[in-house]
Amino acid sequence: MLAFPVQAEADLAKVGVGVTKEAQSIFDALSKTLPCVWQGRTILVMDVVTVPPPYTPSSCAAKAGETGALERIKRVLTAERQRLGLAV
């Protein structure tokens, strides 16, 4: 019986607080293929790349030495923004 509350908490953690519908759509799309969490209004992807507002590839930043992850996430973000009909 404990699995349900734990899953419910995990689902709630995927909902951004104080973010736009666009931001939530981007988070949802990224989290389908990459591990993502919200840190305030910033999306943290794979624990190494941050995607702050306005959630564009140029706003992404990575921890030192994580250029490969950064480039991968920028490509995924670009594709998702195009799929959602948002400007890149």
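To be clear, the structure that these remarks concern was listed above.
Not measured: the values here are computed from a predicted model.

Participant: Account for the packing of aromatic side chains, naming residues and giving values.
Facilitator: Taken as a whole and assessed by the stated rule, the structure comprises two aromatic pairs. Residues Phe 27 and Trp 38 carry aromatic rings whose centres are separated by 4.9 Å and whose planes lie at 15 degrees to one another, so their mutual orientation is stacked. Here Phe 27, found in helix α2 (residues 21-31), pairs with Trp 38, found in strand β1 (residues 36-39); they are eleven residues apart in sequence, far enough to count as distant. Each member of the pair, Phe 27 as well as Trp 38, carries the same accessibility label: buried. Seen from their ring centres, Trp 38 and Tyr 55 are 6.4 Å apart, and the 90 degrees between their planes marks the pair as edge-to-face.

What counts and what doesn't
- Residues numbered from 1 in each chain as written.
- Predicted model: local features only at pLDDT ≥ 70, side-chain atom pairs only at ≥ 80, totals over all residues.
- Heavy atoms only, no water.
- Phe/Tyr/Trp six-rings, centres within 6.5 Å; stacked < 30°, edge-to-face > 60°.
- Helix = DSSP H or I, 4+ residues; strand = E, 2+ residues; numbered from the N terminus.
- Buried < 20%, exposed > 50% of the residue type's maximum accessible area, 1.4 Å probe, protein only.

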